[in-house]
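Letter by letter, the chains look like this.
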Amino acid sequence: MGLELYLDLLSQPCRAVYIFAKRNGIPFELRPVELRKGQHLSDAFAQVNPLKKVPALRDGDFTLTESVAILLYLNRKYKVPDHWYPQDLQACARVDEYLAWQHTTLRRNCLRALWHKVMFPVFLGEPVSPEMLAATLAELDATLQLLEDKFLQNKAFLTGPHISLADLIAITELMHPVGAGCQVFEGRPKLAAWRQRVEAAVGKDLFQEAHEVILKAKDSPPADLIIKQKLMPRVLAMIQ
Amino acid sequence: MGLELYLDLLSASCRAVYIFAKKNSIPFDFQFVDLLKGHHHSKEYIEINPLKKLPSLKDGKFILSESVAILFYLCRKYSTPSHWYPPDLHTRARVDEFMAWQHTAIQLPMSRILWIKMLIPRITGEEVPAEKTEQMLTEVRTNMQLFEEKFLQDKMFITGDHISLADLVALVEMMQPMGGNYNVFLNSSRLAEWRMRVELAIGSGLFWEAHDRLMKLAEWDCSTLDPMVKEKICVLLQKFR
């Protein structure tokens, strides 16, 4: 059994792993785990990842969770081009810096934007107050400003002249609010230009394929009561 | 000017960097940025790190934030013993896995406990609603259990027989509630034993030196608290209501 990747492309970190593997020609078996059907909570999946989250990787006897760890593992095992995670001490540190920073900032804000704008009302049938949504979108806006001012600045990509793991993680995060109908790139020409560059570096077809699911998030069929009850506590914990 | 580390040992991330540098005899200038006096908002510090957070590293013209990034940088630049960040593919992946997971699973909740149990009541004079406190404590207990079952298991340290960056980061974060007199190690002898092992591997002298400011937090005179910090705390209290 070769490399297996347990993914749902609804999930931001799953998209980053998927794009990275495909872009670098890394052969893998795709094991779909449908989050909206609660499949990540099944006993079968718990055997793969007791933390019950995607993405997860299985390589023979070795299983691994956390997209950043998975990306670094694939990076090292498959000897991909240097620009993804440079050998240069300082260039590498810049990528590490972004990958650490994003967990509690952009990742969190993008997740909340999707859930407050679309997933709670449409998928879980839970209304979200306009004040809550406005606060979430304001936080996202502030973080986007940080992304531009502190990370991107006047560079072609987040950490230098070439695309790296940082850009991959960031772009897949930003597509979350885009999937929710937020105009993340409007009025932000620097970010919009960066997005074009990242899409081109990844490959337009692959980029679009990876984002098909999230762009249809607002068409999620409403969850039935049983699924809703199963998912609710974990969703609330995830977006706090 | 050699290596400079901008730190306040009240912060768990700062303690990880401090302990690592000291343990590996990496020479550096300790630049104290007093969180309680709001010095992380000062003009001088904003020039170092516009995100106004600690720790920061300055190596000549190169400035770096995020403790995980700083630890990896120090490991590589100073060629520290390999057990800190093992070169084996799978073992290294385990460290990466923990370092990614801990941001939201350990660091945040542990930090919240200190706010809830100590900083917020001390500064605002008000307790956080019991329901919220209980919710936070449950989250911490759940995550400590996950840490034990998934990361530590029956091993001496997270990666096996030797201490690594993962143990260091885990422990300094789990110490954070101690500043508010809350000990997360009481429920599990396995975790308590691991805690002791990590302390000994670091060296008890260095470990407790790094935690001195945290342990003395209860004695702190909060009338010297920076008003901007006080305001932030009041805002935090509102979120918990």
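Residues numbered from 1 in each chain as written. Chains lettered and ligands numbered in written order. Predicted model: local features only at pLDDT ≥ 70, side-chain atom pairs only at ≥ 80, totals over all residues. Heavy atoms only, no water.

**Section: the packing of helix H1 (residues 12-23) of chain A against helix H9 (residues 204-215) of chain A**
All names here are of chain A. For clarity, the cut-off: Note on method: axes are straight lines fitted to C-alpha atoms, helices fitted across the in-contact stretch only, with angles between N-to-C directions ranging 0 to 180 degrees. Secondary structure elements follow DSSP: runs of H or I no shorter than four residues count as helices, runs of E no shorter than two count as strands, and numbering proceeds from the N terminus. When an angle is under 35 degrees it counts as roughly parallel; over 145 it counts as roughly antiparallel; between 65 and 115 it counts as roughly perpendicular; any other value is oblique. Crossing chirality is assigned from the near helix's rotation relative to the far helix, an anticlockwise turn below a right angle marking it left-handed and a clockwise turn marking it right-handed. We call two residues contacting when some pair of their heavy atoms lies within 4.5 Å. Charged means Asp, Glu, Lys or Arg here, nonpolar means Ala, Val, Leu, Ile, Met, Phe, Trp, Tyr, Cys or Pro, and polar covers whatever is left, Gly included.
Close contact between H1 and H9 brings their axes to 10 Å; oriented N to C, the two are set at 155°. Taken together, the axes of H1 and H9 are roughly antiparallel relative to one another. H9 is crossed by H1, and the crossing has right-handed handedness. Two secondary-structure elements touch here, H1 through Arg15, Tyr18, Ile19, Lys22 and Arg23 and H9 through Leu206, Phe207, Glu209, Ala210, His211 and Ile214. The residue inventory of the contact of H1 with H9, partitioned by class, reads 6 nonpolar, 1 polar and 4 charged.

**Some thoughts on the domain arrangement of chain A**
All names here are of chain A. Operational definition: An automatic or database domain assignment is the source of the domain bounds shown. Computed with a 1.4 Å rolling probe, the buried area is the accessible surface lost when two parts are put together, summed over both parts.
We note that the domain assignment places domain 1 (3-82) and domain 2 (84-239) within chain A. Placing the centre of domain 1 and that of domain 2 at their C-alpha centroids yields a distance of 18 Å. The partner domain 2 presents 34 residues to the 32 residues of domain 1 that form the contact. Both sides of the domain 1 and domain 2 interface together cover about 2800 Å² of buried area, and 65% of this is carbon and sulfur.

**Brief notes about unusual backbone geometry**
The cut-off we apply is this: For every residue, the accessible area (1.4 Å probe, protein chains only) is compared with the maximum for its type, and the residue is labelled buried under 20%, exposed over 50%, or partly exposed between those bounds.
A cis amide bond links A:Val54 to the next residue, A:Pro55, at an omega of 0°. Within the fold, A:Pro55 resides in the loop between helix H2 (43-48) and strand S3 (56-59). That bond from B:Leu54 to B:Pro55 is cis: its omega, -5°, falls within 30 degrees of zero. In this fold, B:Pro55 is placed in the loop between helix H2 (43-48) and strand S3 (56-59). Even without being glycine, B:Lys52 reaches a positive phi, approximately 60°. The residue B:Lys52 is located in the loop between H2 and S3 in this model. Classification of B:Lys52 as partly exposed rests on a relative accessible area of 34%. Positive phi, close to 65°, is recorded for B:Asn181, a residue that is not glycine. Examined against the element boundaries, B:Asn181 turns out to sit in the loop between helix H6 (165-174) and helix H7 (189-202).

**Some details on the packing of aromatic side chains**
Basically, it comes down to this: Stacked, edge-to-face and tilted labels apply to pairs of Phe, Tyr and Trp rings (six-membered ring for Trp) whose centres lie within 6.5 Å, assigned for plane angles under 30 degrees, over 60, and everything in between, in that order. Think of it as a cone above the ring: NZ of Lys or CZ of Arg counts as a charge over the ring if it is within 6 Å of the ring centre and within 35 degrees of the ring normal.
One pass over the structure, following the stated rule, counts 21 aromatic pairs over all chains. In this structure an aromatic cluster arises from ring pairing among B:Phe98, B:Trp101, B:Phe147, B:Phe151 and B:Trp194. The ring of A:Phe151 has A:Lys150 lying over it, and the distance from NZ or CZ to the ring centre is 5.6 Å. The ring of B:Phe151 carries B:Lys150 above its face, with NZ or CZ at 5.3 Å from the centroid.

**A few points about the sheet that holds strand S1 (residues 3-7) of chain B**
Residue and element names in this part refer to chain B. Basically, it comes down to this: Pairing between strands requires that DSSP locate at least two bridges from one strand to the other.
Read from one edge of the open sheet, 4 strands run S2-S1-S3-S4, paired in mixed fashion. Pairing within the sheet leaves two strands with one partner each, and these edge strands are strand S2 (29-32) and strand S4 (62-65). Between one strand axis and the next, the sheet turns through 20° on average, direction left out of account. With 4 bridges connecting them, S3 and S4 associate as antiparallel partners. Note on S4: the bridge partner recorded for Ser56 is Ser65. Most of the contacts of helix H3 (residues 67-77) go to S4, to which it runs at about 130°, and overall it touches S1, S3 and S4.

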